[in-house]
Amino acid sequence: LHPSLPQEELRAYCSKEGIAVQAYASLGGQDAGKGMLEKLGGPLLDRPEVRAVASKHTKSEAKGVSAGVSDEGASALPAVTPAAVLLQWALQQGIAVIPKSSQPSRMRANLQACTAGGFELDSEDMASLGALRPGPDRAAEARLCWARDPLKNLDFE
């Protein structure tokens, strides 16, 4: 579950039934083939729309620094990463996220992105990220996790 695969119908059903939704592959999945990713405009973490939102919030966070912080201290502020943007997109919609990483620095950054006191996406950001959703004819391609798994073709209905 990510901006390219928001699964609105599933989320509406879960909400109606009182089921908590947890995003799987909230950063866009990492096991899709290059061809599939190219069809979708590249990996979500590299998409210009996601990077633009991250850059916007990095700049706005730096502007919010009090006058008592030196330029050197301001440059030491953590940048808002594309991963943080994608995690915040899900969190603002009430979706639980558990991002995978083996790098301690990324784990810390993801934790900071998921805790109170971080940043909030505005309606313009949410609309920009919502536009990453492919049309109905391409929706199946947006399923980037388990892209090569034969079980993905099973009908569980």
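Values in this document were obtained by computation on a predicted structure and should not be read as measured data.

What follows is about the pattern of salt bridges. As enumerated under the stated definition, the model contains six salt bridges in all. Connected via shared salt-bridge partners are Lys 56, Asp 122, Glu 124 and Asp 125.

Moving on, we get to unusual backbone geometry. Note: most peptide bonds trans; most residues except glycine with negative phi. At Gln 7, a residue that is not glycine, the phi angle is positive and equals roughly 50 degrees. When you line up the elements, Gln 7 lands in the segment before helix H1 (8-17).

Counting residues in each nonpolar core, the largest one holds 24 residues, and the members touching the most others are Val 85, Leu 121 and Leu 129. Within the residue set of this core, elements represented by two or more residues are helix H3 (48-63) and helix H5 (82-91). No other element matches H5, which puts seven residues into this core. Dropping the residues within four chain positions of it, Leu 121 is found in contact with Val 53, His 57, Val 85, Gln 88, Trp 89, Gln 92, Met 126 and Leu 129.

Note that Asp 125 resides in helix H7 (residues 123-130). Accessibility expressed as a relative area gives 2% for Asp 125, which makes it buried. Here the side chain of Asp 125 touches Lys 56 through a polar contact of 2.8 Å, side chain to side chain. Discounting residues that sit within four places of it in the chain, Asp 125 has contacts with Val 53, Lys 56, His 57 and Glu 120.

Relative to the elements of secondary structure, His 57 occurs in helix H3. Setting aside anything within four residues of it in sequence, one finds His 57 in contact with Val 80, Phe 119, Glu 120, Leu 121 and Asp 125.

Turning our attention to the confidence of the model for the protein. As a note on interpretation, predicted positions should not be read in detail where pLDDT is low. Looking at the protein as a whole, the pLDDT averages 75, with 68% of positions reaching at least 70. For the protein, the element scoring lowest by mean pLDDT is helix H4 (residues 71-75), at 46; H7 scores highest, at 93. In this model, residues 65-76 is a region of pLDDT below 50 whose contacts with residues beyond four sequence positions or in other chains number two contacts.

What counts and how
Residues numbered from 1 in each chain as written. Predicted model: local features only at pLDDT ≥ 70, side-chain atom pairs only at ≥ 80, totals over all residues. Heavy atoms only, no water. Salt bridge = Lys/Arg side-chain N within 4 Å of Asp/Glu carboxyl O. Helix = DSSP H or I, 4+ residues; strand = E, 2+ residues; numbered from the N terminus. Core = buried A, V, L, I, M, F, W, Y, C linked by side-chain atoms within 4.5 Å. Buried < 20%, exposed > 50% of the residue type's maximum accessible area, 1.4 Å probe, protein only. Contact = heavy atoms within 4.5 Å. Polar contact = N/O pair within 3.5 Å; in protein donor to acceptor, adjacent residues only side chain to side chain. pLDDT = per-residue confidence, 0-100.

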